[in-house]
Number of protein chains: 2
Amino acid sequence: MTGVTSRKRGRPPGTESSDTRDRILTAAREEFSERGYEKTSVRGIAKAAGVDSALVHHYFGTKEQVFEAAVEVAFSPALKMRDVVLEGPIEGAGERMTRFVFGLWENPVTRKPLLAIIRSAVNNEAAAAVFRRLVATQLMRRIADELDTPDAELRAELAAAQLVGVAMMRYVIRIEPVASADVELIIARVAPVVQGHLTNP
Amino acid sequence: MTGVTSRKRGRPPGTESSDTRDRILTAAREEFSERGYEKTSVRGIAKAAGVDSALVHHYFGTKEQVFEAAVEVAFSPALKMRDVVLEGPIEGAGERMTRFVFGLWENPVTRKPLLAIIRSAVNNEAAAAVFRRLVATQLMRRIADELDTPDAELRAELAAAQLVGVAMMRYVIRIEPVASADVELIIARVAPVVQGHLTNP
DNA sequence: GTCTATAGAACGATAGAC
DNA sequence: GTCTATCGTTCTATAGAC
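Chains are numbered independently. Their residues run from 1 in the order of the written sequence. Labels are handed out in written order, letters beginning with A for the chains and numbers beginning with 1 for the ligands. Thresholds applied to this predicted model are a pLDDT of at least 70 for local features of residues and 80 or more for the giving and counting of side-chain atom pairs; totals over whole chains, interfaces and linings are not thresholded and use all residues. The side-chain figures draw on all heavy atoms in the structure; neither hydrogens nor water molecules are used.

### What to know about the environment of A46 of chain B
Residues and elements named next belong to chain B.
- Here a helix means four or more residues in a row that DSSP labels H or I, a strand means two or more in a row labelled E, and each is numbered from the N terminus. Relative to the assigned elements, A46 resides in helix α2 (residues 42-49).
- A sequence separation of 37 residues divides A46 from D83, and the C-alpha atoms of the two residues are 37 Å apart.
- Any two residues whose heavy atoms approach within 4.5 Å are treated as being in contact. Among residues more than four places away in sequence, those in contact with A46 are V51, D52, S53 and V56.

### Describing the nonpolar core
- In plain words, nonpolar cores are sets of buried Ala, Val, Leu, Ile, Met, Phe, Trp, Tyr and Cys residues tied together by side-chain atoms within 4.5 Å. A 1.4 Å probe rolled over the protein chains alone gives each residue an accessible area, and that area as a share of the maximum for its type sets the label: buried under 20%, exposed over 50%, partly exposed in between. Counting 150 residues, the largest nonpolar core has F131 and M168 of chain A together with F131 and M168 of chain B as its most contacted members.
- Beyond its immediate chain neighbours, meaning those up to four positions away, F131 of chain A contacts I117, I118, A121, A136 and V164 of chain A together with M169, I173 and I175 of chain B.

### What about helix α3 (residues 53-60) of chain A?
Residues and elements named next belong to chain A.
- When we look at burial in α3, the residues that qualify are V56, Y59 and F60. Each buried residue of α3 sits inside an arc of 75 degrees when the element is viewed along its axis, so together they form one side.
- In this fold, the buried residues of α3 make contact with α1 (20-39), α2 (42-49) and α4 (63-71).
- In this structure D52 caps α3, since a side-chain oxygen of it lies 2.8 Å from the backbone nitrogen of A54.
- Directly after α3, the chain includes G61, whose backbone phi takes a positive value near 90 degrees. Picture the helix axis, draw a direction to every C-beta atom, and the arc is the one those directions span. Any pair of nitrogen or oxygen atoms within 3.5 Å is treated as a polar contact; in protein, a donor-acceptor pairing is required on top of that, and neighbouring residues in sequence qualify only through side-chain atoms on both sides.

### What to know about the relation of the copies chain B and chain A
- The copies are overlaid by a least-squares fit using only the C-alpha atoms of residues whose pLDDT is at least 70 in both copies. Structural alignment of chain B on chain A gives an RMSD of 0.0 Å, achieved by rotating through 180 degrees and translating 0.0 Å along the axis. Read as a symmetry element, the transformation amounts to a two-fold axis. Of every C-alpha in chain B, the one belonging to G165 of chain B sits nearest the axis of rotation, 1.9 Å from it.
- Interface overlap between copies: 100% of the residues of chain B at the interface are likewise at the interface in chain A, consistent with a symmetric, same-surface contact.

Below, the structure written as structure tokens:
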């Protein structure tokens, strides 16, 4: 017997194992973010994680369930964004929102699930649903609730569209010069546009 | 002998056949635009065109060459855009550019190759190269040449990014309410933003 | 010009041994 | 918990008959 307390013996159900699960998730994020849903294979994830492909199915089930588990981490920072944007005067909401989004994209850790979602949502309906849930229902609608303008939801989405578009050009397709431009220069030009979408007449 | 003039006999080389080639191209555009590069199969294109898959290879070679032939039609209207945007006073360039782009997207015929390019460019490097050639080198750079502002190229690309972002939300991912909003309402909000990117201080 | 047939490879998923 | 083995499917691409 090990020197633990007097609870039930053995591992509690549902916690399963060591770090293998996390290694698979990390590998899955890497693969999905680089290749998108269709081009990523369960076998490729398994090889990158140094395990057998059957083990991936053992932990997560189908390929779609692996994807959902891999991108789930993108939701907590995204939900934080709502608070960040709404704390402080409305005149600064555009800049706070722009800075927050570029902060996520510039950080290699948070960038991966975002890339995975955007690369996959374009060709896969399940991933598109994840994208919609992330951008629209969870985020923009709540921000729109705080605007008392007509077309508030549409405005919030057009603001988001500017950010999504820059992300596409800079991080996904990598078109120059926007792909290599200093991020502060981009923020300086984009933040007023986002602000304008939210609050201009 | 047919009643033609006295040139060489038979069909000139390179023109090959009737309308089969066009039927394949139309089917290819349909498939690539709906599924993206990876999920589209040569067999699926062949079936949609009512021919054998080997015939597709016969006409175009590899799958990648089929793709290039299918999206080639997107280039002539895009090149026309440069002229449309630059004819007339610079104060109206934003609206002309916005109207032109939404005109392409709202027309089901021109929408298909655009969808094909954007759905494919996100996961396929060859398609990404097509996208870059279309958006950046052919279009935005030339428009930037006409602006005598600092960061002209970056400005032109941020303007394009707003349009790409709206296209993603409205036509690719289909997020509400922007997916169903009246196009004139969207143009009214987006055109000033595009104009601002191009000419604001 | 259009097809049949097939080579050769990769895929998702499962059953079951250890 | 981890792996071997394998089933059934689908894919690109080519060779070659008609």
